[in-house]
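Each chain, letter by letter, is given below.
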Amino acid sequence: MYNLGTLKRKISKEGLQATIKFLLSDDLPLNIKEDLTAAHVFNSDGYLCLSLLYSL
């Protein structure tokens, strides 16, 4: 299950730009996108909330 803590660790380990590329990738599994939508990383239209990512 992906949540904000998981995402924060990924950013710390791989960097913000690599994490953004991963999140915008067509290879992102649907279950991860659904988890992150519930955490408001993606909005209901599927757009990435960059301000939230930058705050992590």
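Just so you know, these numbers come straight off a predicted model, no measurement behind them. (Residues numbered from 1 in each chain as written. Predicted model: local features only at pLDDT ≥ 70, side-chain atom pairs only at ≥ 80, totals over all residues. Heavy atoms only, no water.)

Draft legend 1. Region of interest: the environment of Ala18. In this structure, Ala18 sits in helix α2 (residues 16-24). Looking at Ala18, the relative accessible area reads 33%, which means it is partly exposed. C-alpha separation for the pair Ala18 and Cys49, spaced 31 residues apart in sequence, amounts to 15 Å. (Helix = DSSP H or I, 4+ residues; strand = E, 2+ residues; numbered from the N terminus. Buried < 20%, exposed > 50% of the residue type's maximum accessible area, 1.4 Å probe, protein only.)

Draft legend 2. Examining the nonpolar core more closely. Counting 13 residues, the largest nonpolar core has Leu7, Leu23, Leu36, Val41, Phe42, Leu48 and Leu53 as its most contacted members. At the level of elements, α1 (4-14), α2 and α3 (30-38) are the ones that each hand at least two residues to this core. Per-element accounting of this core gives the leading share, 3 residues, to α2. Excluding anything up to four places from it in sequence, Leu36 contacts Tyr2, Asn3, Leu7, Leu23, Val41 and Phe42. (Core = buried A, V, L, I, M, F, W, Y, C linked by side-chain atoms within 4.5 Å. Contact = heavy atoms within 4.5 Å.)

Draft legend 3. View of the packing of aromatic side chains. Using the criterion set out here, one finds 1 aromatic pair in the structure. Seen from the ring of Phe22, Lys10 lies directly overhead, with NZ or CZ sitting 4.3 Å from the centre. Stacked on the ring of Phe42, the Lys or Arg Lys33 has its end atom at 4.9 Å from the ring centre. (Phe/Tyr/Trp six-rings, centres within 6.5 Å; stacked < 30°, edge-to-face > 60°. Lys NZ or Arg CZ within 6 Å of the ring centre and 35° of its normal.)

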